[in-house]
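Below are the chains, spelled out letter by letter.
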Amino acid sequence: MVEDEPVIAQALVDGLRGEGYAVDHAPRGDDGLWMATEQHYDAIVLDVMLPGMNGFVVCRTLRERGNDTPILMLTAKDGEYDQAEGLDTGADDYVVKPFSFVVLLARLRALVRRGPSERPAVMQVGDLVLDPAERRCRRGDTELELTPREFALLRFLMHHVGRAVTKREIVEGVWGDDELDPNVVQVYIGYLRRKVDEPFGTSTIQTVRGIGYRVEAERR
Ligand code: CA
């Protein structure tokens, strides 16, 4: 449960524990993101206005990382943030503040029962879009033809968007073979760049000297 207002947070924690849920509480958005990344939860109750990182960004970041934990957003009634935006970022449901605990509990139960939705988890970095369900990749309107290995490599890199991953991690994550020479990664990165970056004058796949590679959106 990610909520910064102490009174609401305490009431929710007590209420949910009283209903038999095990609850962890994060008072900041960045803490919530970290906890949701480090541990598995059946559901996340996520406030929007949070210190550190707002709830929409937390939600979007989790989805970009392939985290499908059901998310119930707590949105403000004043319409400053509309519910549609929350759902656009990948939230599964929302309740509008002020809400009754009974309503929140009912929504939460429904989400936990449903489990992670089978969303296609389309990944996007800048205008580079990868759709694992459809096995398609495009840059803007241009469809890219990737081999299965190239596709898996790009998926792995996009899954870790913004983070430098080592050749060793890539070999294990993409080839599933820790005996393989990590230098094979360099060869495949070259293939990928020739399809994904070079024709478009972009540098989405970046070399991080001494570490490995990182996928990052272009800074414009
Ligand atoms: Ca708040």
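Before reading on, note that the structure itself is shown above.
Quick caveat, the model's predicted, so the values are computed rather than measured.

### Quick look at the nonpolar core
Then, in step 1: The biggest cluster of nonpolar side chains holds 25 residues, and the ones touching the most others in it are Leu154, Leu157 and Ile170.
Then, in step 2: For this core, the secondary structure elements donating two or more residues are strand E4 (123-125), strand E5 (128-131), helix H6 (148-159), helix H7 (167-175), helix H8 (183-196) and strand E10 (212-215).
Then, in step 3: Residue contributions to this core peak at 6 residues, all from H6.

### Notes on the environment of Arg193
Then, in step 1: One can find Arg193 in helix H8.
Then, in step 2: For Arg193, a relative accessible area of 21% puts it in the partly exposed group.
Then, in step 3: A C-alpha to C-alpha distance of 50 Å links Arg193 and Gln10, two positions 183 residues apart in sequence.
Then, in step 4: Once residues within four sequence positions are removed from consideration, Arg193 is found in contact with Glu198, Pro199, Ile205, Gln206, Thr207 and Tyr213.

### Points about the pattern of salt bridges
Then, in step 1: Overall, the coordinates contain 14 salt bridges when judged by the stated rule.
Then, in step 2: Between Arg109 and Glu19 there is a salt bridge whose closest N-O contact spans 3.1 Å. Linking Arg109 in helix H5 (residues 101-114) with Glu19 in the loop between helix H1 (6-18) and helix H2 (29-38), this pair joins segments that are 90 residues apart in sequence.
Then, in step 3: Across the pair Asp47 and Lys97 runs a salt bridge, and its minimum N-O distance is 3.0 Å. Taken together, the positions of Asp47 in strand E1 (residues 44-47) and Lys97 in the loop between strand E3 (93-96) and H5 put the pair 50 residues apart, joining distant regions of the chain. The two residues Asp47 and Lys97 agree in class, both being buried.
Then, in step 4: Shared partners join several salt bridges into a network, and the residues in it are Glu3, Glu5, Asp47 and Lys97.

About the thresholds
Residues numbered from 1 in each chain as written. Predicted model: local features only at pLDDT ≥ 70, side-chain atom pairs only at ≥ 80, totals over all residues. Heavy atoms only, no water. Core = buried A, V, L, I, M, F, W, Y, C linked by side-chain atoms within 4.5 Å. Buried < 20%, exposed > 50% of the residue type's maximum accessible area, 1.4 Å probe, protein only. Helix = DSSP H or I, 4+ residues; strand = E, 2+ residues; numbered from the N terminus. Contact = heavy atoms within 4.5 Å. Salt bridge = Lys/Arg side-chain N within 4 Å of Asp/Glu carboxyl O.

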